[in-house]
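# Understanding the architecture of this molecule
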Amino acid sequence: MIWSKEETLPRAEIERLQLERLQETVTRVYERVAPYRKKMEEAGVTPADIKCLADLAKLPFVTKQDMRDNYPFGLFAVDRDSLVRIHASSGTTGKPTVVGYTQGDLETWTECVSRIACMGGASSKDTAQICFGYGMFTGALGLHYGLEHIGAAIVPSSTGNSQKQIMYMQDFETSLLVATPSYALRLAEVAKEMGVDPAKDLKVKIALVGSELLTDAMREEMHKVWGRDILITSNYGMSELMGPGVSGECLEHCGMHINEDYFIPEIIDPKTGEVLPVGEKGELVITCIKKEGLPLIRYRTKDITRLFYEPCKCGRTFCRMENLSGRSDDMLKIRGVNVFPSQIEEVILSVAELGPHYEIILEREGYLDKLTVKVELAHSTDSFPELERITRVVREKLRIMLGLDAKIMLESPNTLQRFEGKAKRVKDLRGV
């Protein structure tokens, strides 16, 4: 099902609408967002210089660092009393990246998620169980309101307590699952431990997965446990841009359709910033052209993909982005959570009993990521209660910082590897 007529507009009409909204957005941001106006002035560009879509390349980029530098509301284009919702995500320094929404933004968000839900096969007949964590994370509430808008019944079960999740699926006859790919696999694993066959004993027919890279291998694993008939589609978004709803897969499985009447995508060389020709792989840059609260222009997502503009067999004319290949920086994605090594380092350095040397090890146990942090003690101790206390302190600090549990391994002083050049702190063994 196609949710809105805009999804099938001719290319010329899409570009006309994009230019109109881009010009309005650039003018509004120039007038109301002092830090970005300064960037434009330094680049020697004014709103009057944006005469065609190609002129977008004249505008300066916005990065996550800009959001940190102007924490919390410095990049907002509306007064505080116009905001009706505030979300946030963790940053490398421990300060969250703050995003905010006007009532109009929430309506836009709901519209965009409604579209990607329908792309993935959802309808008003579905009972949708949302297994994303509710809170400052945008994923759960974004999918919640979009699915509710198309008429689906919502089960806001959040994350954790997997046996109860399976009970809800049985009792409520859940037909649509919202989760990360790894948690969807974990739920299937728990179901089997309970004597429940996910493919035969549950009624889940659709999985809208996000917040993690969905590889072909992961999709195949999901089909093995959930059945060949389940529809599995990936969707993409990030809190800085809006949350989920920037793009989503249709049932043709040939890339994720970008809601181009709300977002203009570009692909750049991550090293030079040069815009690359259509079809080439590079870093995805997104410009928000309908947001009121936080209308970011040329936001560097750090995600690596490519764009396709040929109309899709599904009937949609919006361009498609290829499923992500990875990121251009060192950010780690662990169980759907963005983690920077510097966040872990910040925790380690805040504990007096620890030295500055550490190692981050990522492994996969079953279908879930496992995070282990090896860290040296500043001074040797044989006191088991003291070692237990330090371990507990570090583990709790990491849980607060990251929202994740980690295994802590305390090492004797001078035992971890030293580096003369750039330290290599991360061992990612998930793909080994």
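Below: a short report on this structure. The structure presented is a predicted model; accordingly, all values stated were derived computationally and were not measured. (Residues numbered from 1 in each chain as written. Predicted model: local features only at pLDDT ≥ 70, side-chain atom pairs only at ≥ 80, totals over all residues. Heavy atoms only, no water.)

## Some points on the nonpolar core
Leu59, Leu143, Leu147 and Phe263 are the most contacted members of the largest nonpolar core, which has 68 residues in total. No other element matches helix 4 (residues 103-119), which puts 8 residues into this core. Those residues in contact with Leu143 that sit more than four places away from it in its chain are Val113, Ile116, Ile130, Phe132, Val178, Leu208 and Pro244. One finds Val190, Leu202, Val209 and Leu214 within the second-largest nonpolar core, a separate group that totals 24 residues. (Core = buried A, V, L, I, M, F, W, Y, C linked by side-chain atoms within 4.5 Å. Buried < 20%, exposed > 50% of the residue type's maximum accessible area, 1.4 Å probe, protein only. Helix = DSSP H or I, 4+ residues; strand = E, 2+ residues; numbered from the N terminus. Contact = heavy atoms within 4.5 Å.)

## Some words on the packing of helix 1 (residues 11-32) against helix 2 (residues 34-43)
Packed helices, taken two at a time, are described by the angle between their axes plus the distance between the axes. The interhelical angle for the contact between helix 1 and helix 2, taken along N-to-C directions, is 110°, at an axis separation of 6 Å. As far as their axial angle goes, helix 2 and helix 1 are roughly perpendicular. Of the residues in helix 2, those in contact with Val26, Val29, Tyr30, Glu31 and Arg32 of helix 1 are Ala34, Tyr36, Arg37, Met40 and Glu41. Taken together, the residues of the contact of helix 1 with helix 2 sort by class into 6 nonpolar, no polar and 4 charged. (Axes fitted to C-alpha atoms, helices over the stretch in contact; angles between N-to-C directions. Parallel < 35°, antiparallel > 145°, perpendicular 65-115°, else oblique. Nonpolar A, V, L, I, M, F, W, Y, C, P; charged D, E, K, R; others polar.)

## Overview of the pairing of strand 7 (residues 231-238)
Across the 8 residues of strand 7, 6 count as buried, placing the element largely inside the fold. Bridging between strand 6 (residues 206-209) and strand 7 involves 4 bridges; their strand directions are parallel. Looking at the pairing, Ile206 lines up with Leu231 of strand 7. (Pairing = 2+ DSSP bridges.)

## Thoughts on the sheet that holds strand 20 (residues 407-411)
Strand order in the open sheet formed by 4 strands is 20-19-18-21, with mixed pairing between adjacent strands. Of all strands in the sheet, those bounded by a partner on one side alone are strand 20 and strand 21 (426-428). Each neighbouring strand pair of the sheet contributes to a mean axis angle of 15°, computed without reference to strand direction. Where strand 18 (residues 354-365) lies against strand 19 (residues 368-377), 9 bridges are found, and the strand directions are antiparallel. Within strand 19, the position partnered with Ile360 by the bridge is Val373. Contacts between helix 11 (residues 384-402) and the sheet are confined to strand 18, strand 19 and strand 20, with strand 20 contributing the most and set at about 135° to the helix.

## Notes on the packing of aromatic side chains
In the structure shown here, the tally under the stated rule is 4 aromatic pairs. Aromatic side chains Phe132 and Phe137 sit 5.7 Å apart centroid to centroid with 80° between the ring planes, which places their arrangement in the edge-to-face category. A centroid spacing of 5.2 Å and a plane angle of 10° characterise the contact between Tyr168 and Phe172, whose relative ring orientation is stacked. On the criterion of helical spacing, the pair formed by Tyr168 and Phe172 is a turn pair, its members being 4 residues apart in helix 6 (residues 162-172). Relative accessible area serves as the criterion here: at 24%, Tyr168 is assigned to the partly exposed category. Judged by relative accessible area, which is 41%, Phe172 ranks as partly exposed. The side chain of Arg300 reaches across the aromatic face of Phe61, ending 5.4 Å from its centre. Positioned above the aromatic ring of Tyr358 is the side chain of Arg425, whose terminal nitrogen or guanidinium carbon lies 4.5 Å from the ring centre. (Phe/Tyr/Trp six-rings, centres within 6.5 Å; stacked < 30°, edge-to-face > 60°. Lys NZ or Arg CZ within 6 Å of the ring centre and 35° of its normal.)

## Description of the sheet that holds strand 14 (residues 320-321)
Within a beta sheet, neighbouring strands are joined by backbone hydrogen bonds and run either parallel or antiparallel to one another. Within the open sheet, the 9 strands sit side by side as 4-3-5-6-7-8-9-14-13. Their pairing is mixed. With partners counted over all chains shown, the strands left at the sheet margins are strand 4 (153-155) and strand 13 (307-308), one partner each. Here strand 8 (residues 243-249) pairs with strand 9 (residues 256-258) via 3 bridges, running antiparallel. Each bridged residue has a counterpart across the sheet, and for Ser247 the counterpart in strand 9 is Ile258. Packing against the sheet, helix 5 (residues 138-149) makes contact with strand 3 (127-130), strand 4, strand 5 (176-179), strand 6 and strand 8, and its axis sits at approximately 65° to strand 8.

## Examining the pattern of salt bridges
As enumerated under the stated definition, the model contains 32 salt bridges in all. Where Glu20 meets Arg16, a salt bridge forms, and the shortest distance between an N and an O atom there is 2.9 Å. Taken together, the residues Glu20 and Arg16, both in helix 1 and 4 residues apart, mark about one turn of the helix. In this structure Glu20 comes out as partly exposed when scored by relative accessible area, which is 44%. The exposure class assigned to Arg16 is partly exposed, which follows from its relative accessible area of 41%. We note a salt bridge from Arg115 to Glu111, for which the minimum N-O separation is 2.9 Å. Taken together, the residues span about one helical turn, with Arg115 and Glu111 both in helix 4 at a distance of 4 residues. (Salt bridge = Lys/Arg side-chain N within 4 Å of Asp/Glu carboxyl O.)

## Describing the pairing of strand 5
Of the two faces of strand 5, the one carrying Leu176 and Val178 and the one carrying Leu177 and Ala179 are both buried. Where strand 3 lies against strand 5, 3 bridges are found, and the strand directions are parallel. Following the sheet pairing, Ala128 is matched in strand 5 by Leu176. Bridge count between strand 5 and strand 6: 4 bridges; the pairing is parallel. The partner of Leu177 across the bridge, within strand 6, is Ala207.

## Observations concerning the packing of helix 6 against helix 7 (residues 181-193)
In the contact formed by helix 6 and helix 7, the axes pass within 9 Å of each other and the chain directions differ by 80°. Judged on the interaxial angle alone, helix 7 and helix 6 are roughly perpendicular. Counted together, Ser162, Gln163, Gln165, Ile166 and Met169 of helix 6 and Tyr183, Leu187, Val190 and Ala191 of helix 7 form the full contact between these two elements. By residue class, the composition of the contact of helix 6 with helix 7 is 6 nonpolar, 3 polar and no charged.

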